[in-house]
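Structural characterization, general
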Amino acid sequence: MPTPRVLVVDDEHLIRWSLEQHLEKNGYEVITTSNGREAVQIVQDVLPEAVLLDIQMPGMDGIEVLRAIREIDPDVPVVMITAHGGVGSAVAAMKLGAYDYVEKPFDIQRITVLLANALERRTLKGEVTRFRSEQGRRYGLDRMVGESPSIRTVKETIEKIARSDAATVLLQGESGTGKDLAAKIVHYQSARGEFPFVEINCSALPETLVESELFGHERGAYTDAKTMRRGLFELADGGTVFLDEIGDMPLGLQPKLLKAIEEKTFRRIGSARDIRVDVRVIAATNKNLPELARARAFREDLFYRLNVIPLRLPPLRERREDVPLLVRHFVDAFSRECRKPVRGIDPSAERLLAAYDWPGNVRELRNIIERAIILENAQFILPAHLPPEIASPGPPAPEARGTIVVTENGVSLEEVEKELIGQALKLAAGNQVKAARLLHLTRDVLRYRMKKYGYL
Ligand SMILES: Nc1ncnc2c1ncn2[C@@H]1O[C@H](COP(=O)(O)OP(=O)(O)OP(=O)(O)O)[C@@H](O)[C@H]1O
Ligand SMILES: [Mg+2]
């Protein structure tokens, strides 16, 4: 760290001189002035890392100087120096955002300790801000790879959600479809991005722990509560709470959660005091919440409260045209990460991927590419590098061949056609001539339709 610069502002020559001597010995660069107006000018010109500021000075007094400094640099720590018995004005200064104060005659060691702490906190704060803006860049919309109509709609919705500040979001989608990713993009692209993103997986913990994780507890609230603990709602103030696997949220806790969302207040366990926070709640689930609500396994009022903005992440098999883009994306990412010169994927391997059903969605695809790149040393990913269920697919499981029926909700013939073509390609292990024969089509017609549905 470069030598930190401290500005010392005091109208008494002796105090300036002794502070300068002492602080220089402790590794600071010291600038001094006896005049408030000049102090403001210096802050403007050199942006010191810390300021020691006398309250009583002729002309512009310390409080006015502090106000002016805050306008130039809201973060620089300012330690006030007050005359003996001048605590009243010191308190006023603290309210204006002074870091701390010392009374004259002061112990010079105490000033050194105060400065060291103030600077450390400033560095940490800077690091946190830098970390968050870095995260913000990492979680841009472009992280969500895909050009299919459905993923485009998802991205447009994410953009809108990020711009609207507070509404609760419910992310629904099968495992591995990108719910975590979507939640982080919403957070980091919103005005809340500079504040914390905290997450809790509701299925991983027993009820009492979930409550204390969410809302915190007072010391002694229960046997193991040896110290006070803040919950995620408190820690996330200004930011976002991500409730993953909300379908597993214990029923007993759901009314408290509903209240926290609706009234933006909650209580730590063992406390009678309401705490008010400003957080956005994003919940995610791969379960069918309305169905759970009908079965009384999830509170209907909570469901409606969460579902203000629903966002469904489509399974990968419904947007097969994104498979090649995702493959490209992960090949680039992992070949860079593993420092292996993998250039791409062999067309026959790509066809197998296009025909596969992806029960584990994008996560499964990502893992397959990662594994192929780690284990193999070829320039191109070949069918032999893929796991057996993809490289040599058996006939589709009987349940996957369910009879199609038209219901009140209607059926898209195109979806049916797309699905059957996918099944035929799978059965024919990607061989187009065979797949065409299975569908009673010519190979050209099959290829035309494969293009249409994104298999090519
Ligand atoms: N459209 C996408 N583009 C790029 N990467 C994606 C996309 N969707 C998901 N991923 C990646 O796939 C992996 C799984 O996604 P994620 O963890 O967000 O899924 P999830 O829906 O939360 O799954 P689960 O229900 O199992 O928690 C992550 O590494 C994520 O970054
Ligand atoms: Mg997840």
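Predicted, not measured: the structure shown is a model, and the values here were computed from it.

Parameters at a glance
Residues numbered from 1 in each chain as written. Chains lettered and ligands numbered in written order. Predicted model: local features only at pLDDT ≥ 70, side-chain atom pairs only at ≥ 80, totals over all residues. Heavy atoms only, no water. Pairing = 2+ DSSP bridges. Helix = DSSP H or I, 4+ residues; strand = E, 2+ residues; numbered from the N terminus. Axes fitted to C-alpha atoms, helices over the stretch in contact; angles between N-to-C directions. Contact = heavy atoms within 4.5 Å. Buried < 20%, exposed > 50% of the residue type's maximum accessible area, 1.4 Å probe, protein only.

A short note on the sheet that holds strand β13 (residues 280-285)
Read from one edge to the other, the open sheet built from five strands follows the order β7-β10-β13-β6-β14, with strand pairing classed as parallel. Here the strands that pair on one side only, and so sit at the sheet edges, are β7 (197-201) and β14 (309-312). Between one strand axis and the next, the sheet turns by 20° as a mean value, whatever way the strands run. Judged from the four bridges that link them, strand β10 (residues 240-244) and β13 form a sheet pairing that is parallel. Counterpart to Leu-243 in the pairing with β13 is Ala-283.

Considerations on the sheet that holds strand β2 (residues 29-33)
Paired through their backbone hydrogen bonds, the strands of a sheet run either parallel or antiparallel. If you walk across this open sheet you meet the five strands as β2-β1-β3-β4-β5, and the pairing is parallel. Of all the strands in the sheet, the pair left with one neighbour each is β2 and β5 (100-103). In this sheet, neighbouring strand axes are inclined to one another by 20° on average, regardless of whether the strands run parallel or antiparallel. In the sheet, strand β1 (residues 5-9) pairs with strand β3 (residues 50-54) via four bridges, with the strands oriented parallel. Opposite Val-6, over in β3, you have Ala-50 as the bridge partner. Packing of helix α4 (residues 87-95) onto the sheet brings it into contact with β4 (78-82) and β5, and relative to β5 it is tilted by some 165°.

A short note on unusual backbone geometry
A negative phi holds for most residues other than glycine; trans holds for most peptide bonds. With an omega of -5°, the peptide bond between Lys-104 and Pro-105 qualifies as cis. Secondary-structure assignment places Pro-105 in the loop between β5 and α5 (108-138). For Leu-47, which is not glycine, the phi torsion reads 40° and is therefore positive. A residue is classified by how much of its surface remains accessible, and Leu-47, at 43% relative accessible area, is partly exposed. Of note in this structure, Trp-358 is not a glycine but carries a positive phi near 55°. Inspection of the secondary structure puts Trp-358 in the loop between α14 (347-355) and α15 (361-375).

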